[in-house]
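A closer look at the structure
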Amino acid sequence: MHPDKNRLKAFVVAESETTGFDDIRVHIAKCEFCREFCDEYQAYLKATVDTPRLDGSAVENLANDLHRQALRGLTIRLAPLHPTSVAPIYSLAADGESEKEIGVRNLATLYSDNPEIILRLMRDSKQSEDYLQLISDDTELISNVLVQIPDIDREFVTDESGRANVTVDSPVDWNNVKWQIKIPDAVFQLEPLTFDPDKVQYSKKMLLETDSNDRIQVMFESMARGKQISLRVLELDGSTDFDAVRVSVSQGGAHRIKETRANETIVFNLASPDEYIKIRLFT
Amino acid sequence: MGEAHRHQNTMTNNRRASAELLKEFLLRPLVKRTQLGFVKLCVGLIAKNIRYRLNRGWKIHFDQKDTNAGINDLAIDIAGSLLGHHKGEPYGEVFEFFRTRGVLEISQSDPIHLLDLLEGLIGRHTQQELSGHIGDVDPQSNNLRRRFKDILTGEEYQELRVPSDLVICVARSTPDADLRLDMPLVTHQQHVEIVEESFVKFGDTRVNWCRAIFDCLDHESEHCNCLRKYELLNTVVAVNMRHVDLNSVPQTWIPSPKSGLLWEAAEKARRETLLWVSENGLRTFIQKGRISSEVADCFLEATDLCLIDLIWSTKTAKLPVYFREAMPVEEHGRYLEHYKHIFQTTLNTAEAYFKDLMRDFYKSDW
């Protein structure tokens, strides 16, 4: 019987000086296979010394590509980190004038550990608005993503910094609703729309494509009644065969989401031609 | 503390750190921080594998003149092909590999064991990918093949043909050897078992191992005491390579009644294909005077070798390899000028005919 390979490796690493390998020494003196294995391992260890330093930027590019692929279209379910509750404030006459409320308060905190991300739901009393803030080292996870609350059928698109205003029709117990984040399948960005102000009507058609073979056709139209873009999804991940796709178009702080299918065209009105246009596809 | 001890400690610590990083990645592959560390680990291991093979005499073609830059680029390419989506799963090949090697609970696994497995996967994948950058066969297996050939063509053994088969067989040449030539040859499965078992029990040198193989065969009284030479060489080289291979990984193949039926069907299809090639293509070439009947015999043998590879390793070597194996040495130099067209036609049609037969078998309710 031949010794375990890990012991042979340990013997080679110890450079034959350490005690405790007498049985190996006896064995390899007569076994040409194990002797050759030790020679091979020695050569392998030597290769470590000879191996060139890795090209760090090329490795990072590869890692980034793989990471983007892994996140593409992912749904991340969030769990409450430590439930907090905001009790309703009842004012009584005896309380007198209430103290000025703190500027920003935390309403709920949720997290995911794979990937690592935190969602904080905040209330800004000064601005009288609630907003969510995604926090992560990884910008792919917080910028331009869809934050969904399926229980109440609400969703919000975050901006570059991972923030989105939260508006609801009726009060919600934030600690008892499920939250999830949907990463886009594809993101396109368009320069601010330029058009000729001397022309009453103007249109421009273009094809946009990502590295992952997502293709869309976009048509800008500027007419007397306003500006709009018509959009058609041609391919997703190189395939023309896909089900419903949700398309989000953002300009500044405004987001619109519409659902479309293969060979359908959807139209979005543009509020401001001077802002970048972000188009995101979610499957 | 001696230099050797310090070196050993450093290596052990580095290895432990890599193993912990790997485990962390496998538990949470979507965390960018650990993912970057994992990709660096894989690219580093691949680069080391390439350098190791270069040091061992592999002739690897690089696009760049600078070898180091070539290793870097090739390592990145190979890592990309290993770590991309597989069956719709990110890093799917890595996770599938761990699952098929029995790692179902990563959190319960020893990190060093995980690293051993990853090194196995990377070694295997690198070798596969490099096959596109080198010649016919890697120099290590070529070298081994030559050493076994030297033993089997020595005085202890003889080459012969048996009535039940076309290809050259090898047997012991001792006067008292009972070759049982009227019996069938062992099946491929039995053949592999005999070779593996004798390696584990008696393989301390190649000479002793070959003796042990034929000792085992002596006890197979229902079978001929010969082995197909080509099949024997392929098996001993594969087993030897696996033992010497630093990154060999546990096999997943488990024999089943179904696989037994499959072997049987493949053997039957092989015989039918050879008969068909002999009676159709080769006979026509002889009648037209394009080849002699002696050359046709060699072509038939080459066809058989090609089918053996197709059955047992699911892929074939480049066609000249079979030509050199079956034809006399003095004809090797005439391949391109005289034989290439007929030889290619014969082997390609045989392969297609064999695959058709197997396709019919798969369609049947086996």
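Please read all numbers here as calculations on a predicted model, not as lab measurements.

This part is about the overall build of chain A. Counting secondary structure elements, chain A contains 4 helices and 17 strands. By residue count, 23% of the 283 residues in chain A fall in the buried class. Counting contacts in chain A only where the partners sit at least 6 residues apart, residues at least 24 apart contribute 55% of the total.

Moving on to the interface of chain A and chain B. In this complex, chain A contributes 39 residues to the contact, which on the side of chain B involves 40 residues. Of all the secondary structure elements, the ones that give two or more residues to the side of chain A that touches chain B are α3 (32-50) and α4 (56-71) of chain A. With 12 residues, the single largest contributor to the side of chain A that touches chain B is α3(A). The residue makeup of the side of chain A that touches chain B, split by class, is 20 nonpolar, 5 polar and 14 charged.

This part covers α4(A). In an α-helix, one full turn covers 3.6 residues, which means residues spaced three or four apart are oriented alike. Residues and elements named next belong to chain A. Its 16 residues place the ends of α4 22 Å apart at the C-alpha level, agreeing with the 22 Å of an ideal helix rising 1.5 Å per residue. Those residues of α4 lying buried are V59, L62, A63, L66, H67, A70 and L71. The arc that holds the buried residues of α4, viewed along the axis, is 160 degrees, so those residues lie on one side. Just past α4, the residue G73 takes up positive phi, approximately 70 degrees.

The next subject is the environment of D185(A). All names here are of chain A. Turning to its location among the elements, D185 is positioned in the loop between β9 (180-182) and β10 (186-190). Take D185: there are 22 C-beta atoms within 10 Å of it, and that puts it in the buried class. Spatially, the C-alpha atom of D185 lies 13 Å from that of D65, the residues being 120 residues apart in sequence. Those residues in contact with D185, other than ones at most four positions away along the chain, are R72, G73, D214, L236, L281, F282 and T283.

On any regular strand, side chains alternate: one points to one face of the sheet, the next to the other face. Residue and element names in this part refer to chain A. Alignment of strand β14 (residues 245-251) against strand β15 (residues 254-260), held across 7 bridges, turns out to be antiparallel. By the bridge assignment, R246 is partnered in β15 with E259. The antiparallel pairing of β14 with β15 creates a hairpin that spans 2 residues between the two strands, and G252 there sits at a positive phi of about 60 degrees.

Another aspect to go through is the sheet that holds strand β16 (residues 266-270) of chain A. Note: strands within a sheet are paired through backbone hydrogen bonds, in either parallel or antiparallel orientation. Residue and element names in this part refer to chain A. One open sheet accounts for 4 strands, arranged β11-β12-β13-β16; its pairing is antiparallel. A single partner strand is all that each edge strand has here, and the edge strands are β11 (202-209) and β16. Across the sheet, the axes of successive neighbouring strands diverge by a mean angle of 20 degrees, strand direction being ignored. Strand direction decides the pairing type here: β11 and strand β12 (residues 215-223), joined by 8 bridges, are antiparallel. Bridge pairing in β12 links S203 to E221.

Residue and element names in this part refer to chain A. In the contact formed by helix α1 (residues 5-13) and α3, the axes pass within 9 Å of each other and the chain directions differ by 55 degrees. In terms of their interaxial angle, α1 and α3 are classed as oblique. The crossing of α1 and α3 is right-handed. On α3, the residues that touch K5, L8, K9, F11 and V12 of α1 are C34, F37, C38, Y41, Q42 and L45. Split into classes, the residues belonging to the contact of α1 with α3 amount to 8 nonpolar, 1 polar and 2 charged.

Another aspect to go through is the domain arrangement of chain B. Under the domain assignment, chain B is made up of domain 1 (3-135), domain 2 (140-244) and domain 3 (257-363). Domain 1 of chain B and domain 3 of chain B are separated by 38 Å when their C-alpha centres are compared.

Residue and element names in this part refer to chain A. Of note, the bond from N114 into P115 is cis; its omega dihedral lies within 30 degrees of zero at 0 degrees. Within the secondary structure, P115 is located in the loop between β3 (104-113) and β4 (116-124). With phi around 60 degrees, N144 is a residue other than glycine that occupies positive phi space. Mapped onto the secondary structure, N144 falls in the loop between β5 (129-135) and β6 (146-149). Non-glycine residue N213 carries a positive phi angle of around 60 degrees. Its place among the elements puts N213 in the loop between β11 and β12.

All names here are of chain B. Grouped together as the largest cluster of nonpolar side chains are 70 residues, with contacts concentrated most on V39, C42, I46, A75 and A79. Counting residues per element, this core draws most heavily on helix α2 (residues 32-55), which supplies 9 residues. Judged by nonpolar contacts, the second largest core, of 51 residues, contains L185, A212, F214 and F323.

With that settled, consider the sheet that holds strand β1 (residues 75-77) of chain A. Residues and elements named next belong to chain A. Within the open sheet, the 4 strands sit side by side as β1-β9-β6-β7. Their pairing is antiparallel. Whereas interior strands pair on both sides, the edge strands pair on one side only; in this sheet they are β1 and β7 (154-157). Between one strand and the next, the sheet's axes are offset by a mean angle of 20 degrees, whatever the strand orientation. Note: β6 against β9, 3 bridges, orientation antiparallel. For L146, the partnering residue across the bridge sits in β9 and is K182.

Calculation rules
Residues numbered from 1 in each chain as written. Chains lettered and ligands numbered in written order. Predicted model: local features only at pLDDT ≥ 70, side-chain atom pairs only at ≥ 80, totals over all residues. Helix = DSSP H or I, 4+ residues; strand = E, 2+ residues; numbered from the N terminus. Buried ≥ 20, exposed ≤ 12 C-beta atoms within 10 Å, placed from the backbone. Contact = placed C-beta atoms within 7 Å. Nonpolar A, V, L, I, M, F, W, Y, C, P; charged D, E, K, R; others polar. Expected span 1.5 Å × (residues − 1). Arc of directions from axis to C-beta. Pairing = 2+ DSSP bridges. Axes fitted to C-alpha atoms, helices over the stretch in contact; angles between N-to-C directions. Parallel < 35°, antiparallel > 145°, perpendicular 65-115°, else oblique. Left-handed = near helix turned anticlockwise from the far one by under 90°. Domains from an automatic or database assignment. Core = buried A, V, L, I, M, F, W, Y, C linked by C-beta atoms within 7 Å.

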